[in-house]
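# Structural overview for review
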Amino acid sequence: MIKKVNILLILSVFSYSALTAQNADIIQYINTYKFLAIQEMQRTGVPASIKLAQGILETQAGVSDLVKRSNNHFGIKCKSGWNGSKVYHDDDERGECFRAYASAEDSYRDHSDFLKRSPRYAFLFQLDPEDYQDWAKGLKKAGYATNPKYTQQLVKFIETYDLQLYTLIALGKRKMGDEQPMYAVNNNAIPVISTAAEGSGSAEPETSVRALRLRYPEEAFRINDTRVIVAVAGTPLLSIAEQFGVKYRHLLEFNELSEADDIVRKDQLIFLQRKRRQGSNPFHLVTKGETLYDIAQEEAIRLDNLLAYNQLRGTETPVAGQKLYLQKDAAEREAANVENNIARTEIAKVQEVAPVFNVPAPALVKHVVQNKETLFGIARKYGVEVDQVRSWNRLPNDAIRGGQELLIYKN
């Protein structure tokens, strides 16, 4: 009898650990993609609650093999007419073709367009966007998934993790400030309190330290794989250094503080290790009152890198709703998109006036720089001036690198 009880206890512990880790992944997924879901609802009308629930289910909360290989968050197969990148993955059949994307943002946009433009899903957009149950039933009815429990699974995710809040935010009926704290720390999920369960009475405003304690645990934990604690205002930094075995000067460096900062000035996160050069998320959407330093601490990214990725000075104040990049690749992609759009606008202007003066309109060519190529050699190849190539591509000097794409306007 004792052995049986012990076995049941062990199984319970394993089940609890697995469930906790799964909850942590789900919470991390919601925190990462909730802004994308809101933006896409405002753009196309696909409810944010449905989009997040589908993303969680289709990607196993961001950890499935398919999403890691393809950034495909919604299990959309290639279908006819898909000319983009592809990967092959076992699903209903072996080696099925799935769409692949350069980023999660591309996947979120394509999912919205896929539903919006397909006649089989047209009836969904006649439904009340707040009625997530009808939307979940409609997706199953239209044949989005073969899983017989697809509807119930979507509804369960929405109700368990209060995803309806993000639909209401997109509709302007709620604010992001109404969001209950949801954080995953060391594979432990901080419990989620549903807004549906909130009382009608007004509570007293919480102190900042209590607000931080709701978001984070009392003991040391990790953000972006960096060890950190919540420190109360007035705590000597030297005592924190001694308590956690960190050199005082290192503690100042890790948190980008000066010698004058001998005590914690406000309730805040204090890192016990050097922060990462890049965030775990591609970007951060600024909320009201946040400073660049606050964002660097919250995302566990070095302030210098945050400034560099966004071409900011430390004295600047970010604006609520502003997108700040936390990863070099994401910042470079955005910069390239902006430059390409500017370049295309300029060439369009030239092409418009070219017929008036009876001259041929220039053609846009993308040149991929080869190893050992020079800017002079490339300009000569296309019969243009070096200054023009620099101007078209906003190059500060003649330095280029292998694999870099240059826009050339060739007559």
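A brief look at the structure comes next. Just so it is clear, the model here is predicted, and its values are computed rather than measured.

A full pass over the atoms with the stated rule returns one disulfide. Between Cys78 and Cys97 runs a disulfide, and the two sulfur atoms are separated by 1.9 Å. Torsion about the S-S bond of the Cys78 and Cys97 cystine: about -70°, corresponding to left-handed handedness. Taken together, the positions of Cys78 in the loop between helix H3 (65-70) and strand E1 (86-89) and Cys97 in strand E2 (residues 96-99) put the pair 19 residues apart, joining distant regions of the chain. For the pair Cys78 and Cys97, a shared accessibility class is recorded, and that class is buried.

What follows deals with the packing of aromatic side chains. Taken as a whole and judged by the stated rule, the model has eight aromatic pairs. Measuring from centroid to centroid gives 5.8 Å for Trp82 and Tyr101, while their planes differ by 65°, and the two rings are edge-to-face. Residue Trp82 is located in the loop between H3 and E1, and its partner Tyr101 is located in the loop between E2 and helix H4 (104-117); the two are separated by 19 residues in the primary sequence. This pair shows no difference in class: Trp82 is buried, exactly as Tyr101 is. Ring geometry for Phe114 against Tyr121: centres 5.8 Å apart, planes inclined by 50°, an arrangement best described as tilted. In textbook terms, an aromatic cluster arises when at least three aromatic residues are bridged by ring pairs, as seen for Tyr29, Tyr33, Phe74 and Tyr108. Positioned above the aromatic ring of Phe123 is the side chain of Lys141, whose terminal nitrogen or guanidinium carbon lies 6.0 Å from the ring centre. In this structure, Lys323 is placed above the aromatic ring of Phe283, and the distance from its NZ or CZ to the ring centre is 4.6 Å.

This brings us to the packing of helix H2 (residues 48-59) against H4. Two elements in contact, H2 and H4, have axes whose closest approach is 12 Å; the angle formed by their N-to-C orientations is 120°. Both H2 and H4 take part in a crossing whose hand is right-handed. Here Lys51, Leu52 and Gln54 of H2 come into contact with H4, specifically with Tyr108, His111 and Ser112. Looking at the contact of H2 with H4 residue by residue, the class counts come to two nonpolar, three polar and one charged.

Within the secondary structure, Gln404 is located in the loop between helix H15 (386-393) and strand E11 (405-410). By relative accessible area, Gln404 is classed as buried at 14%. A distance of 3.1 Å separates a polar side-chain atom of Gln404 from the backbone nitrogen of Arg401. If we ignore the near neighbours within four places in the chain, the residues touching Gln404 are His367, Val368, Val369 and Leu395.

Right, let's get into the sheet that holds strand E7 (residues 268-271). On the basis of which strands lie adjacent, the open sheet formed by three strands has the order E5-E6-E7 and antiparallel pairing. In the strand order of this sheet, the two ends are held by strand E5 (221-223) and E7, each with one partner. Between one strand axis and the next, the sheet turns through 55° on average, direction left out of account.

Procedures and definitions
Position numbers for residues start from 1 in each chain and track the written sequence from start to end. The model is predicted, so local features are restricted to residues of pLDDT at least 70 and side-chain atom pairs to those at 80 or more, both for listing and for counting; the totals for chains, interfaces and linings are taken over all residues. Side-chain measures were taken over the full set of non-hydrogen atoms in the model, leaving aside hydrogen atoms and water. Two cysteine sulfur atoms make up a disulfide if the distance between them is within 2.5 Å. Each helix is a run of DSSP H or I of at least 4 residues and each strand a run of E of at least 2, with the numbering of both proceeding from the N terminus. Burial here depends on accessible area, computed with a 1.4 Å probe over protein chains only, as a share of the maximum for the residue type. Under 20% is buried, over 50% is exposed, and the range in between is partly exposed. Geometry of aromatic contacts follows a simple scheme: Phe, Tyr and Trp rings, the Trp one being its six-membered ring, pair when their centres are within 6.5 Å, and the pair is stacked under 30 degrees between planes, edge-to-face over 60, tilted otherwise. Both a distance and an angle decide whether a charge sits over a ring: NZ of Lys or CZ of Arg must be within 6 Å of the ring centre and within 35 degrees of the ring normal. Axes here refer to lines fitted to C-alpha atoms; in helices the fit is confined to the stretch in contact. Angles between the N-to-C directions go from 0 to 180 degrees. Less than a right angle of anticlockwise turn of the near helix away from the far helix marks a crossing as left-handed, whereas a clockwise turn marks it as right-handed. Here, residues are in contact when the closest pair of their heavy atoms is within 4.5 Å. Only Asp, Glu, Lys and Arg are considered charged in this grouping, and only Ala, Val, Leu, Ile, Met, Phe, Trp, Tyr, Cys and Pro are considered nonpolar; every other residue, Gly among them, is considered polar. Polar contact criterion, stated in full: a pair of N or O atoms within 3.5 Å, where within protein one must be able to donate a hydrogen and the other to accept it, and residues adjacent in sequence count only if both atoms are side-chain atoms. A pair of strands is labelled paired if DSSP reports no fewer than 2 bridges between them.

Any link to function would need more than the numbers given here.
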